[in-house]
Amino acid sequence: MSSKSVFSYRKTATSVSALLFMPLLINPSLAQAGTVPAGQSQAIDVNTPVETWTVEIGATLTGSGASTLGITGVAGATVNLTNSTVTPDGVNGLTQGIALTNASATLNNSTVTSAQGIGILAARNINSAGGSQVTLGNNSVVRGLVGGLAGNRFSDLTVQDSTVEGTGANSFGIRLHEGALSASGSTITGGLNGLIVGTDANASTVIQSSIVLDSTQVEGQSGSAIVVGYSPANIPGVANIQVRNGSTLIGGNGTLLEVRTGAAADLLVDNSTLAGNIVVDEGGSGNVVLQNAAALTGDMQNVTSATLNNQASMTGNVLGASSVVINNASTLTGNLQDVANVSINNRSVMVGDVMGAADSVSNLTLDNGASLTGLVSGVSNFAISNQALWQMTDSQAVSNLTLNSGGTVRLGSNQQYFQLDVANLAGNGRFEIGTDFNQGISDLLNITGSATGNHQLLVASTGLDPVNDDSIKVVQSVASGAQYDLVNDRVDVGAYTYRLVKNGDDWYLQPDKDVISTPTRSVMAIFGTAPTVIYGEMALLNTRMGDLRVNGGQTGGWIRSFGNRYSVTTNAYGNGYSQNQHGISLGVDTPVQIAGERVLLGVFAGYSKSNLDLSRGSSGEIDSTSLGMYGTWLGDSGYYLDTVAKLNHFRNDAKVTMSDGTRTKGGYNNLGASASVEFGKHIDIKDGYYVEPFTQWQMATVQGKDFNLDNGLKADADTTRSMLGKVGVTLGRGMTLDDGSVLQPHIRTAVVQEFAKHNEVRVNNNKFNNDLSGTRFEVAAGASWTLSDRWQVHAELDTSKGDNVTKDIGFNLGAHYSF
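Please read all numbers here as calculations on a predicted model, not as lab measurements. (Residues numbered from 1 in each chain as written. Predicted model: local features only at pLDDT ≥ 70, side-chain atom pairs only at ≥ 80, totals over all residues. Heavy atoms only, no water.)

Asks: Mind showing me how you'd approach the overall build of the protein here?
Replies: Along the protein, the regular secondary structure elements total two helices and 76 strands. Relative to a compact globule of 819 residues, whose C-alpha radius of gyration would be 28 Å, the protein shows 46 Å and is clearly more extended. Once the C-alpha set of the protein is aligned to its principal axes, its extents read approximately 190 × 80 × 35 Å. Classification of the 819 residues of the protein by burial places 51% in the buried group. Counting only contacts in the protein whose residues sit at least 6 apart along the sequence, the fraction spanning at least 24 positions is 53%. For the protein, the exposed surface amounts to about 34300 Å²; the carbon and sulfur share of it is 51%. Charged side chains in the protein number 45 positive and 66 negative. The centres of these two groups are separated by 5 Å. (Helix = DSSP H or I, 4+ residues; strand = E, 2+ residues; numbered from the N terminus. Rg over C-alpha atoms; globule rule 2.2 N^0.38 Å. Buried < 20%, exposed > 50% of the residue type's maximum accessible area, 1.4 Å probe, protein only. Contact = heavy atoms within 4.5 Å. Areas by Shrake-Rupley, 256 points an atom, 1.4 Å probe, with all protein chains shown as cover. Lys, Arg positive; Asp, Glu negative; His and termini not counted. Charge placed at Lys NZ, Arg CZ, Asp CG, Glu CD.)

Rendered as structure tokens:
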């Protein structure tokens, strides 16, 4: 029998494994796995097979244009990817795109996409110090079904100009467990929440997570934008969150920040605009700061503190808070409910109601020009100081109210009349009170307990006269103690005023027909000023004719400017007023012979403007344009006769500040006519000296007019008339200078009498008389200088002192050119 070779094959597990890995022995690239040994470096690119990579301790994997299935890095490992993609396929349980343990990864314009897990996981070895670092830049994109990017304890995540996205319905954009996140110019989106913050599963001591969002959008598509308090181990999370420079938060459920039970968050919003709610669950803690023009539209619920600073704004309600601070020109439109301490300061504005916490002593402070418009309830201590204002919106009661340094309470507005009940009033402040003098109703300050200090009442003025003279109660008190006074001492009501009187412990507004109102004084001043305007312009012409007499007169043209300041002190105007007038005139004149007599004739046109400085900041303005003619007769024996006739058109405007500080105005146009006759004699003495005794008579009549101020006050004046008589003397001298020019200085004194006493003015059908009659003395000094046969210049100063009208100073300057 012949022998025979036999090959036997045993189907064992070992042999099966060998058969399975046989292809790998033939072609290692088919293994789809690569390892960068410890301490080594590996570069991959577009030509490198698509593999799953393991980067061992201290090793470095650098990809440029590469594609991989997934990357795992351990302690000290470094992954650098540029223009690369990572797409795990889930083989061998690797579902994360990049999984780091105490390692780092830097992505530049690269994409990581996980269809089953997290895009990038930055974890730590609990037995090692430190965590992992991830840097995304230059339009990198990280996506994952569970979440985009997750950082555990001590992780440091930097996202610049990149996108992080959770694609699953319940996914997060970024999950942060006691790490740090800095994002700028980026978008973070989660199917459920955009950013969730929790604690390490093995943490014994909680470490605060730090988050800075700069020009970045965080969105939770169906949940909150940010959640603090997410933790598998239910250990409370703590986060410091900064939202800066145009960053936005979007919550699909309307919540921007959700702080869960036991968690704590500090949120700073700087120069960013947000829309949505901030919600702190019971047992959580949340401190919110909006600053530097930051804006929030939405509610804050159960926050520990809320601060608006540096022109920040909020439209929404704060529902539960230990402290609310609105500072430095910030605004809140909404209600504060169940708050313990509220401070509104430095020109800040709140429109809404303040309701104090029921289980604490609540305090409310308005300071430094701040304002609150709304109701106040449940507040134990309410302080208003330094020009701050509380505008009430309904009748109500407060416990302890302290006013200081211009602190103000405005009770009603827009013809709404409210009652304020104060248990205890202290300090020195102001109450603004609205009153209907026709119906006899008013806001009422009702002191139900104690009252101390000195307080002012600012009562609204009106241009309408009251229907009757009944007194009106404005302060009611159960006991005396505080002192009350009216701002500006009076209330302007139609043509007259009201004053404040005390009756028992109460205070009343009582009509006073002995003192006329500010609007009445103002319209009387406007009506009575026209003659002063006319005479101020007339003095210019009289001076011009004096020059013609002295210098003989030649045909020529002239121009003159002038200015006058008057003080009117008649009792009809209360404390009086001042008038500042300035203007310009020009004309031509020529000598003619009439019936053998030498006569100088001229025509002129002029413009002047008078500003009236009335009481309490009120003012008036009169624009005057004029046309006229003049002439002078020069007798051979020195006698002369000067005549002037003039027509004026006036545009009159009054702007009145009433006793309550409000403004009203009105105006009208009218005409005026005037004439002047002066008779005197020019007497030469010697050495060029001369004297001119004279008498002058001036008449003016101004058209009567009626007009209304826009506060309802009606004013009507009859024709205004004036008659001035003057007796005086002028002393001068003509001097020929070395250059042949002639200088002629002069001085003049006169006594003036105003004869018109009756110029009726009606205000709301109440009759008043504009009486400017009286005597005054005037003095003037000036000079004319004849430079040549053609040119002459002139200047004069004058002043007068009278019973009712004083000219503080007057001047005119002019030049004449002979043709």
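Back to the write-up after that little detour.
Asks: Would you take a moment to explain the sheet that holds strand S68 (residues 714-717) for this structure?
Replies: The strands making up a sheet are joined through hydrogen bonds of the backbone, oriented either antiparallel or parallel. Within the open sheet, the four strands sit side by side as S67-S68-S72-S73. Their pairing is antiparallel. On the outer flanks of this sheet lie strand S67 (705-708) and strand S73 (766-769), each paired with one strand and no other. Neighbour-to-neighbour, the strand axes of this sheet turn through a mean angle of 20°, independent of strand direction. Examined bridge by bridge, S68 and strand S72 (residues 760-763) share three bridges and lie antiparallel to one another. By the bridge assignment for S72, Ala 717 is matched with Val 761. (Pairing = 2+ DSSP bridges. Axes fitted to C-alpha atoms, helices over the stretch in contact; angles between N-to-C directions.)

Asks: Whenever I open this one, the sheet that holds strand S5 (residues 67-68) confuses me. Can you help?
Replies: One open sheet accounts for eight strands, arranged S5-S8-S11-S14-S17-S20-S23-S26; its pairing is parallel. Lying at the two open borders of the sheet, with one neighbouring strand each, are S5 and strand S26 (248-251). In this structure, S5 lies alongside strand S8 (residues 85-86), joined through two bridges in parallel fashion. Bridge assignment links Ser 67 to a residue of S8, and that residue is Thr 85.

Asks: What's the story with the pattern of salt bridges in this structure? I'm lost.
Replies: Two side chains that carry opposite charge are able to pair once their charged atoms sit near each other. Applying the stated criterion to the full structure yields 20 salt bridges. Linking Arg 430 and Glu 432 is a salt bridge whose minimum nitrogen-to-oxygen distance equals 3.3 Å. Of the residues examined, Arg 430 reaches a relative accessible area of 26% and is grouped as partly exposed. Where Arg 490 meets Asp 512, a salt bridge forms, and the shortest distance between an N and an O atom there is 2.1 Å. One end of the pair, Arg 490, is in the loop between strand S55 (483-486) and strand S56 (491-493); the other, Asp 512, is in strand S58 (residues 506-516), and 22 residues separate them in sequence. Overall, Asp 512 belongs to the buried group, its relative accessible area being 8%. Beyond isolated ion pairs, a larger network of salt bridges with shared partners links Asp 489, Arg 490, Arg 499 and Asp 512. (Salt bridge = Lys/Arg side-chain N within 4 Å of Asp/Glu carboxyl O.)

Asks: When you look at the side chain of Gln 581 in this model, what are you seeing that I'm missing?
Replies: Note that Gln 581 resides in strand S60 (residues 577-594). Polar contacts involving the side chain of Gln 581 include one to the main-chain carbonyl oxygen of Val 533, which spans 3.1 Å. In contact with Gln 581, other than residues within four places in its own chain, are Thr 532, Val 533, Gly 536, Glu 537, Phe 562, Gly 563, Asn 564, Tyr 566, Ser 608, Lys 609 and Ser 610. (Polar contact = N/O pair within 3.5 Å; in protein donor to acceptor, adjacent residues only side chain to side chain.)

Asks: Which parts of the structure should I look at to understand unusual backbone geometry?
Replies: Glycine aside, residues mostly have negative phi, and peptide bonds are mostly found in the trans state. In this model, Asn 245 sits at a positive phi of 50°, which is unusual for a non-glycine residue. Mapping Asn 245 onto the fold places it in the loop between strand S25 (238-244) and S26. With a phi close to 55°, Asn 386 is a non-glycine residue in the positive phi region. Along the chain, Asn 386 turns up in the loop between strand S44 (381-385) and strand S45 (389-391). Given a relative accessible area of 31%, Asn 386 falls into the partly exposed group.

Asks: Looking at this structure, how should I read the packing of aromatic side chains?
Replies: Working definition: an aromatic ring pair is given by the centre-to-centre distance plus the angle between the planes. Applying the stated criterion across every chain yields a total of 13 aromatic pairs. Arranged with centres 5.4 Å apart and planes meeting at 40°, the rings of Phe 527 and Tyr 668 form a pair that is tilted. Remark: Tyr 668 occurs in strand S64 (residues 663-681) and Phe 527 occurs in helix H2 (residues 518-551); sequence separation between them is 141 residues. Residue Tyr 668 is classed as buried on the basis of its relative accessible area of 7%. (Phe/Tyr/Trp six-rings, centres within 6.5 Å; stacked < 30°, edge-to-face > 60°.)

Asks: Looking at this model, I keep getting lost on the environment of Thr 199. Mind explaining?
Replies: Secondary-structure assignment places Thr 199 in the loop between strand S21 (193-198) and strand S22 (209-214). Given a relative accessible area of 0%, Thr 199 falls into the buried group. In this structure, the C-alpha to C-alpha distance between Thr 199 and Ala 370, residues 171 residues apart in sequence, is 42 Å. Not counting residues up to four positions away in its chain, the partners in contact with Thr 199 are His 177, Glu 178, Val 206, Tyr 230, Ser 231, Ile 235, Pro 236 and Gly 237.

Asks: Mind showing me how you'd approach the pairing of strand S61 (residues 597-613) here?
Replies: Two faces belong to every sheet, and in a regular strand the side chains alternate between them. Where S60 lies against S61, 17 bridges are found, and the strand directions are antiparallel. If you follow Gln 579 over to S61, its bridge partner there is Leu 612. Turn length for the S60-S61 hairpin, with the two strands adjacent in sequence and antiparallel, is two residues, and the turn residue Ala 595 shows positive phi of about 55°. In this structure, S61 lies alongside strand S62 (residues 619-634), joined through 16 bridges in antiparallel fashion. If you follow Gly 602 over to S62, its bridge partner there is Tyr 630. A loop of five residues connects S61 with S62, the two strands running antiparallel in sequence, and Arg 616 in this loop sits at a positive phi of about 55°.

Asks: How should the nonpolar core be read in this particular structure?
Replies: In a soluble, globular protein the nonpolar side chains are often hidden away together inside. Ranked by size, the top nonpolar core spans 115 residues in total, and within it Phe 382, Trp 390, Leu 401, Leu 420, Phe 431 and Tyr 484 carry the most contacts. With residues up to four places along the chain from it excluded, the contact list for Phe 431 reads Leu 401, Leu 403, Val 409, Leu 411, Leu 420, Leu 425, Leu 445, His 455, Gln 456, Leu 457 and Leu 458. Listed in part, the 27 residues of the second largest apolar core include Ala 525, Leu 612, Leu 614 and Met 658. (Core = buried A, V, L, I, M, F, W, Y, C linked by side-chain atoms within 4.5 Å.)

Asks: Honestly, the environment of Asp 270 in this entry has me stumped. Any pointers?
Replies: Among the structural elements, Asp 270 can be located in strand S28 (residues 264-270). Classification of Asp 270 by relative accessible area gives buried; the value is 8%. Here the alpha-carbon distance between Asp 270 and Asp 738, two residues 468 residues apart in the chain, equals 81 Å. Here Asn 292 takes part through its side chain, which lies 2.9 Å from a polar atom of the side chain of Asp 270.

Asks: I would appreciate a short explanation of the pairing of strand S52 (residues 444-451) in the present structure.
Replies: Bridge count for strand S48 (residues 419-427) against S52 is six bridges, and the pairing is parallel. Bridge pairing in S52 links Asn 424 to Ser 450. Two strands pair when backbone bridges link them, and S52 and strand S54 (residues 472-477) are joined in this way by three bridges, in the parallel orientation. Note on S54: the bridge partner recorded for Asn 446 is Gln 476.

Asks: Please explain the side chain of Arg 490 as it appears in this structure.
Replies: Arg 490 sits in the buried class, given a relative accessible area of 17%. Sequence-distant contacts of Arg 490, defined by excluding residues within four places in its chain, comprise Thr 497, Tyr 498, Arg 499, Asp 512, Val 515, Arg 616 and Ser 659.

Asks: Looking at this model, I keep getting lost on the environment of Gln 579. Mind explaining?
Replies: Relative to the assigned elements, Gln 579 resides in strand S60. A relative accessible area of 0% places Gln 579 in the buried class. Polar contacts involving the side chain of Gln 579 include one to the side chain of Ser 610, which spans 3.3 Å.

Asks: Sorry, what's going on with the confidence of the model for the protein here?
Replies: Scored by pLDDT, the protein has a mean of 89; 93% of the residues are at 70 or more. Segment residues 1-31 is flagged for pLDDT under 50; beyond a separation of four residues in sequence, or across chains, it makes five contacts in the model. (pLDDT = per-residue confidence, 0-100.)

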